[in-house]
Amino acid sequence: MYQIVRKVSLNPTVTKMDIYAPFVAKKAKPGQFIILRVDEDGERIPLTVADYDREAGTVSIIFQIVGGGTQRLNAKEEGDYIPDFVGPLGRPTHIEGLKKVCVVGGGVGCAIALPVAKALHEAGCEVCSIIGFRNKDLVILEEEFKACSTTFHMMTDDGSYGRQGNVCVPLNEMLSAGEQFDEVITIGPLIMMKFVCAATKPYGVKTIASMNPIMIDGTGMCGGCRLTVGGEMKFACVDGPEFDGHLIDFDEAMSRSRTYADFEQREREDSCNLLNKGVE
Ligand SMILES: Cc1cc2nc3c(=O)[nH]c(=O)nc-3n(C[C@H](O)[C@H](O)[C@H](O)COP(=O)(O)OP(=O)(O)OC[C@H]3O[C@@H](n4cnc5c(N)ncnc54)[C@H](O)[C@@H]3O)c2cc1C
Ligand code: FES
């Protein structure tokens, strides 16, 4: 059993939890993820390792409450336990040798982008961060990004905070002004990553996208997380989750991400009903 030692609400739909999981904390690296279950019969929920403290033995996760599983996770409080917390899984982010990187995060994807930006900064890399949200109320991790970035851009779709526009606006401005990056790393909604990759392609800037397809076992056995990358089938859980963004078939990934939409809607309603009745 894994104890929730700290729980903080970052905005109305995003929560951070520190989980006591010393073996995961000991081995975790930026870019990797864990799979947890909230209860014995629960679905497996993959979440990125947002941070870790090897001495305290804790791993931080930051999750958006989007459906039944994350609603039930959010109903847990400090001191409660979850039965499964498996990891670290997936390949860590490639950090070595990079001198200047632009990290582009969108929405809750910023929780996944932050450990990458921090690791790059700690390795002496110059980090330019661009983070985007729908509106001011949804902004998370601003100070944390500023602390590890040489340049920082805050964007909101409606202009209620930072600059108005999407994350491609400052990216396009920098690229067209001749700014050079060793890499662009993008993490967020599929449609955002597709446009970030389209923006960098004409400039030949290597672009890494972190893919979060539906995962089941997380060990390369079930095929649930398959993607087409450069015409080849890849499994995000063992070959990724990061891939060369210019080679990803984003349209296929977007279509596959909607496969279980009806089931997820029913599960969300069932979970709401149970939680409203005080049953966890
Ligand atoms: C490697 C990886 C890392 C992730 N890291 C984060 C993170 O750090 N923070 C965060 O908020 N979210 C993260 N996600 C997405 C997160 O796993 C889903 O939001 C969560 O599983 C939704 O479960 P649910 O039951 O609440 O929602 P559901 O109602 O079941 O689904 C809502 C949406 O979540 C996605 N989803 C559902 N089940 C899965 C699954 N088993 N695997 C992947 N996606 C699923 C689908 O796109 C679906 O449309 C990550 C996903 C992957 C694959
Ligand atoms: S989650 Fe089963 S193969 Fe990746």
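Residues numbered from 1 in each chain as written. Chains lettered and ligands numbered in written order. Predicted model: local features only at pLDDT ≥ 70, side-chain atom pairs only at ≥ 80, totals over all residues. Heavy atoms only, no water.

**Q** Provide a residue-level description of the overall build of the chain, including the pertinent values.
**A** A count of helical and extended segments in the chain gives 9 helices and 17 strands. Relative to the globule expectation of 19 Å for 280 residues, the C-alpha radius of gyration of the chain, 18 Å, shows essentially globular dimensions. Seen through its C-alpha atoms, the chain measures out along the principal axes to roughly 55 × 40 × 40 Å. Taken over 280 residues, the chain has a buried fraction of 47%. Partitioning the intrachain contacts of the chain with sequence separation of at least 6 by distance along the chain shows that 64% fall at a separation of at least 24. (Helix = DSSP H or I, 4+ residues; strand = E, 2+ residues; numbered from the N terminus. Rg over C-alpha atoms; globule rule 2.2 N^0.38 Å. Buried < 20%, exposed > 50% of the residue type's maximum accessible area, 1.4 Å probe, protein only. Contact = heavy atoms within 4.5 Å.)

**Q** Can you tell me about the sheet that holds strand β8 (residues 84-89), naming the residues and giving the values?
**A** Ordered in space as β4-β3-β8, the 3 strands form an open sheet in which the pairing is antiparallel. The sheet terminates laterally at β4 (45-48) and β8, the two strands that pair on one side only. Strand-to-strand twist in this sheet, taken as the mean axis angle between neighbours without regard to direction, amounts to 25 degrees. Of the pairings in the sheet, the one linking strand β3 (residues 33-37) to β8 comprises 4 bridges and is antiparallel in character. Bridge pairing links F33 to L89 in β8. (Pairing = 2+ DSSP bridges. Axes fitted to C-alpha atoms, helices over the stretch in contact; angles between N-to-C directions.)

**Q** Give me the domain arrangement of the chain: which residues, what numbers.
**A** A common way to express how large an interface is: the accessible area buried when the components associate. Segmentation of the chain into domains returns domain 1 (2-89) and domain 2 (100-257). Once you take the C-alpha centre of each, domain 1 and domain 2 turn out to be 22 Å apart. At the junction of the two partners, domain 1 supplies 19 residues and domain 2 supplies 19 residues. Here domain 1 and domain 2 share an interface that buries about 1,500 Å² over both sides, 67% of which is from carbon and sulfur atoms. Two residues, K118 and D51, come together in a salt bridge whose shortest N-O distance is 3.2 Å. One can count 2 residue pairs in polar contact (both at pLDDT 80 or more) joining domain 1 with domain 2. Elements with a contribution of two residues or more to the side of domain 1 that touches domain 2: β1 (2-11), β3, β4 and β6 (58-64). Here the side of domain 1 that touches domain 2 takes 3 residues from β6, the largest share from any one element. (Domains from an automatic or database assignment. Buried area = accessible area lost by both parts, 1.4 Å probe. Salt bridge = Lys/Arg side-chain N within 4 Å of Asp/Glu carboxyl O. Polar contact = N/O pair within 3.5 Å; in protein donor to acceptor, adjacent residues only side chain to side chain.)

**Q** Can you break down the nonpolar core residue by residue, with the values?
**A** Residues C102, M211 and F250 are the most contacted members of the largest nonpolar core, which totals 35 residues. If you list the elements that add at least two residues to this core, you get β3, β9 (100-106), β10 (126-133), α5 (168-176), α6 (190-200), β15 (226-229), α7 (236-239) and α8 (250-257). Counting residues per element, this core draws most heavily on α6, which supplies 6 residues. Domain assignment of the residues forming this core places at least three in each of domain 1 (2-89) and domain 2 (100-257). Formed by 29 residues, the second largest nonpolar core is a distinct cluster that contains A113, L141, M154 and I208. (Core = buried A, V, L, I, M, F, W, Y, C linked by side-chain atoms within 4.5 Å.)

**Q** Can you tell me about the site of ligand 1, naming the residues and giving the values?
**A** Around ligand 1 sit 22 residues, and of these P46, Q64, G69, T70 and M215 come closest. The contact in question runs from a nitrogen atom of ligand 1 to an N or O atom on the side chain of T48, over 3.0 Å. One nitrogen or oxygen atom from the main chain of I62 is found 2.9 Å from a nitrogen atom belonging to ligand 1. Here ligand 1 has 840 Å² of accessible area as a free molecule, and 88% of this is covered by the chains. Those elements that provide at least two residues to the shell around ligand 1 are β4, β6, α2 (68-74) and α9 (261-276). Considering each element in turn, the shell around ligand 1 owes the most residues, 4 residues, to β4. The residue makeup of the shell around ligand 1, split by class, is 12 nonpolar, 7 polar and 3 charged. Structurally, the shell around ligand 1 is a two-domain feature, drawing no fewer than three residues from each of domain 1 (2-89) and domain 2 (100-257). (Near = heavy atom within 4 Å. Areas by Shrake-Rupley, 256 points an atom, 1.4 Å probe, with all protein chains shown as cover. Nonpolar A, V, L, I, M, F, W, Y, C, P; charged D, E, K, R; others polar.)

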